[in-house]
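Read off the chains here:
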Amino acid sequence: MYDRLLQLIKLYLPEDKIASATPASRLTADLGMDSIGMLMLSMALEEEFGVSFREPVKFVTVQDVLDFLDKNATRR
Amino acid sequence: MDKREIVIDLLGSDLGPSEMVEGARLVMEAFPGICVALAGPRAVIEAAGLPEGRYRILEADKTVTNLDNPVEAFYRKEPVSVFLALEEASRNENVIGVINAGNTGALFAGAIRYLLADKAVRPCIAAILPTTQGGFTCLVDTGASIDCGPAQLVEFARLGSDFMRTLYKLEAPRVGLLSNGAEPTKGNKLVKEAHALLAQEEGINFVGNIEGNKTLSGLCDVLVCEGFAGNQVLKNSEGMAVNLITEIVKYGKMHNLPAAQEIVGYLMSRFDFASLGAGIMLGTRKVVMKSRGSCNRTAIKNAAQLIVNLAENKTLYESIH
């Protein structure tokens, strides 16, 4: 799941940050993902992993996304 | 029977929903086969006495202001006009486009939520600028993405080229890159890297760097830059046009020169940004027009004209479906 998630996240990162993404990376502070990137990521997560969001996405790190998917993904 | 429909978001513009409704009336007069769906307060719409059978109401009293977080506004319980308009465009195949003059961030986020064409391609907002050659240049991006990487500028070039190919039937739209000098060695890190990518990109007719004083010279059909610079170019061009026209009017009055009025009339017909229509989102499944907050009813009609033009030649949208 981590590899698939990383592929998705990379779609929405500034190019110079892609190589540095790790589970501990903070999406905004370290990887430079902006609110539109976060929105596009949440839509991609819905499509790819069958999750849904009832409130604004507030993931801090890549690991937070992984933890969320572990609990909520309906497609793995 | 023509079932085409344009959705107009009535809320968020400086002149208020009544002016937007009058814009809708002009759209109905100009395009007898097209109906409108109006997202906004029912009372304002019903009081306008629009032609029966030509409009529908998408009732909403709320919009997204500049103080709101556009993405968080998605999760409000009450209907928000801009999202209602975009959702309608997403689910109704008769809708050919959406016009909005409110918060740009909300429109951009909403268009991504409901009308994104490709999950890997971030949309952008283009503006069509009149050039001194009598044609138009598509400026992209005008503020949707403030910080960009070089590959994103290549995406903008591709989206802008598709758009100009469709709208103006250009076989190979000339793509320029905004820089502080014409030579390939000029520019900041972003521009130099983007220049190198664009020069070797297949399917893009890259003509090199374009300096700020040449943006309206017609040297390229698509002018690419990151949103921060694009927004400055757009507003600076608009401001300069307004200042020049104002000066000519003042001078004409001061020296009693009737010819000045004629010159102003000509310039207004070429460079009146208020009535030119709107910015257009590229990278969405349907046409989404962003009118200026200060737009008038004529600008709404002109935005609709662009939607109709694009809808009648589906190449751009088929190509990104």
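From a predicted model like this one, the values you see are computed outputs, not experimental measurements.

### Here's the deal with the overall build of chain B
Here is step 1: Scanning chain B from N- to C-terminus turns up eleven helices and eleven strands.
Here is step 2: Its C-alpha radius of gyration of 20 Å places chain B within 12% of the 20 Å reference for a compact globule of 321 residues.
Here is step 3: Projected onto the principal axes, the alpha-carbon positions of chain B cover approximately 60 × 60 × 40 Å.
Here is step 4: In chain B, the proportion of contacts linking residues at least 24 apart, taken out of those at least 6 apart, comes to 68%.
Here is step 5: Put simply, chain B shows about 14400 Å² of open surface, and 52% of that area lies on carbon and sulfur atoms.
Here is step 6: Seen as two clouds, the 32 positive and the 36 negative side-chain charges of chain B have centres 0 Å apart.

### Thoughts on the overall build of chain A
Here is step 1: Helix and strand counts for chain A come out as three helices and zero strands.
Here is step 2: Counting helices and strands in the order they occur from the N terminus, chain A gives α-α-α.
Here is step 3: In terms of overall dimensions, chain A has C-alpha extents of about 30 × 25 × 15 Å along its principal axes.
Here is step 4: The burial tally for chain A puts 46% of its 76 residues in the buried class.
Here is step 5: For chain A, long-range pairs separated by at least 24 residues make up 55% of all intrachain contacts whose partners lie at least 6 apart in sequence.
Here is step 6: Only carbon and sulfur atoms are counted for the fraction: they give 49% of the accessible area of chain A, which is about 4000 Å².

### Thoughts on the state of the cysteines
Residue and element names in this part refer to chain B.
Here is step 1: Following the criterion strictly, the structure yields zero disulfides over all chains and no others.
Here is step 2: Cysteine 124 takes part in no disulfide bond, and the closest cysteine sulfur to it belongs to cysteine 138, at a distance of 7.7 Å.
Here is step 3: We classify cysteine 124 as buried; its relative accessible area is 0%.
Here is step 4: With no disulfide of its own, cysteine 295 lies 20 Å from the sulfur of cysteine 138, the closest cysteine sulfur.
Here is step 5: For cysteine 295, a relative accessible area of 2% translates into the label buried.

### Quick notes on the side chain of glutamate 46 of chain A
Here is step 1: Secondary-structure assignment places glutamate 46 of chain A in helix α2 (residues 35–49).
Here is step 2: Among the polar contacts listed, one links the side chain of glutamate 46 of chain A to the side chain of arginine 113 of chain B, at a separation of 3.4 Å.

### Remarks on the pairing of strand β8 (residues 205–211) of chain B
All names here are of chain B.
Here is step 1: Across six bridges, the pairing between strand β7 (residues 174–179) and β8 is parallel. Across the sheet, leucine 177 pairs through a bridge with asparagine 209, a residue of β8.
Here is step 2: In the classification by handedness, the crossover that spans β7, the intervening helix α7 (residues 189–199) and the parallel β8 is right-handed.

### Thoughts on the packing of helix α1 (residues 2–11) of chain A against helix α3 (residues 62–72) of chain A
When two helices pack together, their arrangement is captured by the angle between the axes and the distance separating the axes.
All names here are of chain A.
Here is step 1: It is at 11 Å that the axes of α1 and α3 come closest, and there the two elements cross at 125°. The orientation of α1 relative to α3 falls into the category oblique. The way α1 lies across α3 gives a crossing that is right-handed. Along its contact with α1, which presents Tyr2, Leu5 and Ile9, the element α3 presents Val62, Val65, Leu66 and Leu69.
Here is step 2: Its residues assigned to classes, the contact of α1 with α3 shows seven nonpolar, no polar and no charged.

### Observations concerning the nonpolar core
Residues and elements named next belong to chain B.
Here is step 1: With 59 residues, the main nonpolar core has Ile6, Ile8, Leu38, Ile99, Phe163, Val224 and Met289 as its most contacted residues.
Here is step 2: Top contributing element to this core by residue count: helix α10 (residues 297–312), with nine residues.
Here is step 3: Not counting residues within four places of it along the chain, the set of residues in contact with isoleucine 99 comprises Ile6, Val7, Ile8, Asp9, Met289, Ser291, Ile300, Ala303, Ala304 and Ile307.

### A word on the environment of proline 130 of chain B
Here is step 1: By the element assignment, proline 130 of chain B lies in strand β5 (residues 124–130).
Here is step 2: Between the alpha carbons of proline 130 of chain B and leucine 306 of chain B there is a distance of 15 Å; along the sequence they are 176 residues apart.

### Digging into the layout of surface pockets
Here is step 1: For the largest pocket, the calculated volume is near 1100 Å³.
Here is step 2: Residue lining of the largest pocket: 49 residues in total, with Ile125, Leu234, Ala278, Gly279 and Lys290 of chain B positioned closest to the centre.
Here is step 3: For the lining of the largest pocket, the secondary structure elements donating two or more residues are α2 of chain A together with α3 (70–73), α5 (104–115), β5, α6 (150–168), α8 (227–254) and α10 of chain B.
Here is step 4: The element contributing the most residues to the lining of the largest pocket is β5 of chain B, with five residues.

### Looking at the interface of chain B and chain A
Here is step 1: Of the residues lining the interface, 18 residues belong to chain B; the matching set on chain A comes to 19 residues.
Here is step 2: Counting the surface lost from both chain B and chain A, the interface buries some 1500 Å², and carbon and sulfur atoms represent 63% of this.
Here is step 3: The largest contributions to the chain B side of the interface with chain A come from Tyr75, Lys119 and Arg122 of chain B, which together make up 44% of the buried area.
Here is step 4: Connecting chain B to chain A are four salt bridges.
Here is step 5: Measuring nitrogen to oxygen at the nearest pair gives 3.4 Å for the salt bridge that ties arginine 113 of chain B to glutamate 46 of chain A.
Here is step 6: On inspection of chain B and its partner chain A, the count reaches three residue pairs in polar contact (both at pLDDT 80 or more).

Quick notes on the rules
Residues numbered from 1 in each chain as written. Chains lettered and ligands numbered in written order. Predicted model: local features only at pLDDT ≥ 70, side-chain atom pairs only at ≥ 80, totals over all residues. Heavy atoms only, no water. Helix = DSSP H or I, 4+ residues; strand = E, 2+ residues; numbered from the N terminus. Rg over C-alpha atoms; globule rule 2.2 N^0.38 Å. Contact = heavy atoms within 4.5 Å. Areas by Shrake-Rupley, 256 points an atom, 1.4 Å probe, with all protein chains shown as cover. Lys, Arg positive; Asp, Glu negative; His and termini not counted. Charge placed at Lys NZ, Arg CZ, Asp CG, Glu CD. Buried < 20%, exposed > 50% of the residue type's maximum accessible area, 1.4 Å probe, protein only. Disulfide = S-S within 2.5 Å. Polar contact = N/O pair within 3.5 Å; in protein donor to acceptor, adjacent residues only side chain to side chain. Pairing = 2+ DSSP bridges. Right-handed = clockwise from strand over helix to strand, strands pointing away. Axes fitted to C-alpha atoms, helices over the stretch in contact; angles between N-to-C directions. Parallel < 35°, antiparallel > 145°, perpendicular 65-115°, else oblique. Left-handed = near helix turned anticlockwise from the far one by under 90°. Nonpolar A, V, L, I, M, F, W, Y, C, P; charged D, E, K, R; others polar. Core = buried A, V, L, I, M, F, W, Y, C linked by side-chain atoms within 4.5 Å. 1 Å grid on protein atoms, 1.4 Å probe; cavity = no way out; pocket = protein on both sides within 12 Å on 5 of 7 lines; lining within 4 Å. Points joined across faces, edges and corners; volume = space filled by probe spheres on them. Buried area = accessible area lost by both parts, 1.4 Å probe. Salt bridge = Lys/Arg side-chain N within 4 Å of Asp/Glu carboxyl O.

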